[in-house]
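Close look at the chain arrangement
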Amino acid sequence: MMAVASGCLGIGCTVPETDQFTLERLCEGQGSQAFEGVLRADPSTCDRGLELIVQPMGFNPGCIRAALWAKDGTGAASTVVPRNPNMSHGAAFHVVALLSDALRDELRLEVDAFEQTCDAAPVTSHAFTVGHPEKGQIAQSLIELPALDADGDGFISKGTGGTDCNDSDWSIKDKILWYPDMDGDGYGSNSNTAPVVRACSGPSQYANNNRDCNDNDSLISPGQAELRCDGRDDNCDNRVDEAFNIGATCVLPKGGRGVITCDPANPSRITCTG
Ligand SMILES: [Ca+2]
Ligand SMILES: [Ca+2]
Ligand SMILES: [Ca+2]
Ligand SMILES: [Ca+2]
């Protein structure tokens, strides 16, 4: 944090007077905007702090989680810190843990970083132990968390715990949904009951869209024209035979007025019936 501008890191690097002021404000619920997150280990009081400087290396986490507890397992507390969109590329997360003498022993900490949101599995974690900070001081601890997002799309390489289907191409990110394409026309079924698959690459007879209104007829899909006058919707636009002017007035072969209908003898044609 800014209050500890001595340029050194590690337990004991503190400026007591400034820390005391910062602590008092934080304990009163003020000044938290100087940090990405605040972890309050003792709700009743706080008289010392530990600033976790969580430095991602090779990626930008969508979220981090910091947890601490005393050596004997008591006093467990944690906080999740979603990435602020205003954070610069590669910036560290600063999380201050507010402590009291209720946690006298060594502190156990674990910091987890997540690819996108904190409700998924972490891509990288670091667990460590630190001594209890002195009263009135904010100690610092630097945590470096490595993972690889080579193409910078926010999704981490699979080799370092992420889900990026191709970490050399920013336009290819995590797994997508694939829909059955039984008629092989490149359009997946739009049925709500179609069995979908979530994967980087689709299995055979699956498509990456669900726009096919009839997956049993390769001549029916959004990629078709309304090509057949047959009482069916060939192009999946929810209109039937809209290209054929059905119902419009026409002249019967023998004279007189009729209406345009599909020709039952030839589904690509119309006829005039009276
Ligand atoms: Ca990618
Ligand atoms: Ca299809
Ligand atoms: Ca049709
Ligand atoms: Ca249609």
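In case you missed it, the structure is sitting above this.
Predicted model only: the values in this text are computed from it and were never measured.

On to the pairing of strand E3 (residues 63-70). Counting buried positions along E3 gives six out of eight residues, so the element sits mostly inside the fold. Pairing of E3 with strand E4 (residues 77-82), which is carried by six bridges, proceeds in the antiparallel orientation. Looking at E4, one finds that isoleucine 64 is bridged to valine 81. Sheet topology places E3 next to strand E6 (residues 107-114); eight bridges connect them, and they run antiparallel. Paired with isoleucine 64 across the bridge in E6 is alanine 113.

With that settled, the discussion passes to the state of the cysteines. Considering all chains together, one arrives at six disulfides under this definition. A disulfide bridge connects cysteine 165 with cysteine 200, and the sulfur atoms are separated by 1.9 Å. Of note, the bridge from cysteine 165 to cysteine 200 carries an S-S torsion of about -80° and is left-handed in sense. With a gap of 35 residues between them, cysteine 165 in the loop between strand E8 (138-146) and strand E9 (176-180) and cysteine 200 in the loop between strand E10 (197-199) and strand E11 (206-207) connect regions that are remote in the sequence. Shown here is the disulfide that connects cysteine 250 with cysteine 272, its sulfur atoms set 1.8 Å apart. In this structure the cystine formed by cysteine 250 and cysteine 272 twists about its S-S bond by roughly 95°; its chirality is therefore right-handed. Taken as a pair, cysteine 250 in strand E12 (residues 249-251) and cysteine 272 in strand E14 (residues 266-273) lie far apart in primary sequence, 22 residues in all.

Reading the values: rules and limits
- One numbering rule holds for all chains: residues counted from 1, following each sequence as written.
- The order in which chains are written sets their letters, starting at A; the order in which ligands are written sets their numbers, starting at 1.
- Totals for whole chains, interfaces and linings use all residues, but because this is a predicted model, local features are given only for residues with pLDDT of at least 70 and pairs of side-chain atoms are given and counted only at 80 or more.
- Hydrogens are left out, water is left out, and the side-chain values use all remaining heavy atoms of the structure.
- Each residue's exposure class comes from its accessible area (1.4 Å probe, protein chains only) as a fraction of the maximum for that residue type: buried when under 20%, exposed when over 50%, partly exposed otherwise.
- Runs of E in the DSSP output that reach at least two residues are strands. Runs of H or I that reach at least four are helices, and both are numbered from the N terminus.
- Only when DSSP finds a minimum of two bridges between them are two strands counted as paired.
- We call a pair of cysteine sulfur atoms a disulfide whenever their separation is within 2.5 Å.

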